[in-house]
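# Coordinate inspection notes
What follows is the residue order along each chain.
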Amino acid sequence: MLDQQGMKALAGKRAVETLVSSGMKLGLGTGSTAIPAVEHIGALLAAGKLRGILAVPTSFQTSMVCEQWGIPLYTLNSKEINGSLDLTIDGADQVDLRNYCTKGGGGALLLEKIIAHASSAYAVVVDESKLAGDLAVTVPLPVEVVSEARIPVTRALEALGAEVILREAVRKAGPVITEHGNLLLDIRFKQPPDSAALEAELNGIPGIVENGLFTRLRPKVFIARRDGTVEIRD
Ligand code: 5RP
């Protein structure tokens with residue numbers, strides 16, 4: 001039987017083995033499930049089993065891991081990438097039965113969403129604990145907000161029925177500041193929201209930069225289970 005980190009590593013590795021081939025332009029995700037996938041790509045490159053990978057990282061965490069493994073780094077704006085990727089592999093905080101996801105537990109949702117939407121194919125790697133009936137009810141949905149709009153956005157979210165918590169930093173006084181200089185509001189609903197409608201509605205509130213709902217993509221979801229099996233759900 002695998003522990004949670006064992007399941008995460010298994011999901012990431014399986015996604016790489018199933019979907020990644022030489023010469024691909026890849027978006028690389030953030031968090032404790034995506035990082036083992038990044039490391040596996042690094043190991044395959046080092047062993048000469050994979051060649052010519054061009055990677056766009058979704059966060060500082062991911063870019064540091066790529067640096068350690070010598071994975072060539074680019075941005076979406078690099079000439080070699082030219083705004084589009086073959087595949088992105090990333091983790092998620094929750095995945096429902098339609099393969100809609102919430103993301104941003106690691107605070108990287110803005111670039112994660114931009115990169116996912118710039119990719120022809122999208123793979124989400126999770127352990128079975130991430131499967132959910134309803135999104136944003138038990139596990140909070142992160143919303144990235146311009147700091148000057150913190151209170152008006154909080155009131156607008158409360159008017160939608162959300163409980164709103166400003167994400168506080170650990171080992172630093174005050175709030176988390178994202179890699180794009182914004183705040184994160186973690187929101188939760190008592191009644192399950194309509195995820196697809198909510199994703200669009202939230203981004204219509206002035207001051208919200210992006211939210212962690214991913215309902216417009218059709219990912220392949222790799223679900224690792226305690227018994228060492230991986231379900232691939234389209
Ligand atoms: C970071 C994310 C992560 O993919 C998500 O939080 C899952 O993280 P982990 O794999 O560590 O559980 O969206 O912003």
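Only a predicted model underlies this, so the values are computations on that prediction, with no experimental measurement involved.

As a further point, take the pattern of salt bridges. For the structure on display, the rule yields 12 salt bridges. Glu128 is paired through a salt bridge with Arg225; the nearest N and O atoms lie 3.5 Å apart. Here Arg225 lies in the loop between β12 (220-224) and β13 (230-233) and Glu128 lies in the loop between β6 (119-127) and β7 (141-145), a separation of 97 residues in the sequence. Since its relative accessible area comes to 24%, Arg225 is described here as partly exposed. Two residues, Arg155 and Glu158, come together in a salt bridge whose shortest N-O distance is 3.0 Å. Note that Arg155 and Glu158 are positioned in helix α5 (residues 150-159) at a spacing of three residues, about one turn of the helix. On the basis of relative accessible area, Arg155 is assigned to the partly exposed category, the value being 46%.

This part takes up helix α3 (residues 60-69). Every α-helix winds through 3.6 residues per turn, so residues three or four apart in the chain are directed the same way. Buried within α3 we find Thr62, Ser63, Val65 and Cys66. Burial along α3 is one-sided: seen end-on, the buried residues are contained in an arc of 160°. Away from its buried face, by an angle of more than 90 degrees, α3 presents the exposed residues Phe60, Glu67 and Gln68. The secondary structure elements touched by the buried residues of α3 are β1 (25-28), α2 (34-46) and β2 (54-57). Backbone nitrogen of Gln61 and a side-chain oxygen of the N-cap are separated by 3.4 Å at the start of α3; the cap is Ser59. Note on α3: the residue one or two positions beyond its end, Gly70, has a positive phi of about 70°.

To continue, consider the site of the ligand. Of all residues adjacent to the ligand, which total 17 residues, the nearest are Ser32, Thr33, Asp93, Gly104 and Lys130. Note that an oxygen atom of the ligand is positioned 2.6 Å from one of the side-chain N or O atoms of Asp93. Backbone polar atom of Gly106 to an oxygen atom of the ligand: 3.3 Å apart, as the coordinates give it. For the ligand, whose unbound accessible area comes to 380 Å², protein coverage reaches 90%.

Attention shifts here to the side chain of Glu144. By secondary structure assignment, the location of Glu144 is in strand β7. One buried charged residue, Glu144, forms no salt bridge at all, with the nearest opposite charge on Arg167 at 9.0 Å. Separated by 2.7 Å, the side chains of Glu144 and Thr178 make a polar contact.

What counts and how
Residues numbered from 1 in each chain as written. Predicted model: local features only at pLDDT ≥ 70, side-chain atom pairs only at ≥ 80, totals over all residues. Heavy atoms only, no water. Salt bridge = Lys/Arg side-chain N within 4 Å of Asp/Glu carboxyl O. Helix = DSSP H or I, 4+ residues; strand = E, 2+ residues; numbered from the N terminus. Buried < 20%, exposed > 50% of the residue type's maximum accessible area, 1.4 Å probe, protein only. Arc of directions from axis to C-beta. Contact = heavy atoms within 4.5 Å. Polar contact = N/O pair within 3.5 Å; in protein donor to acceptor, adjacent residues only side chain to side chain. Near = heavy atom within 4 Å. Areas by Shrake-Rupley, 256 points an atom, 1.4 Å probe, with all protein chains shown as cover. Lys, Arg positive; Asp, Glu negative; His and termini not counted.

As far as function goes, none of this settles anything; it's purely spatial.
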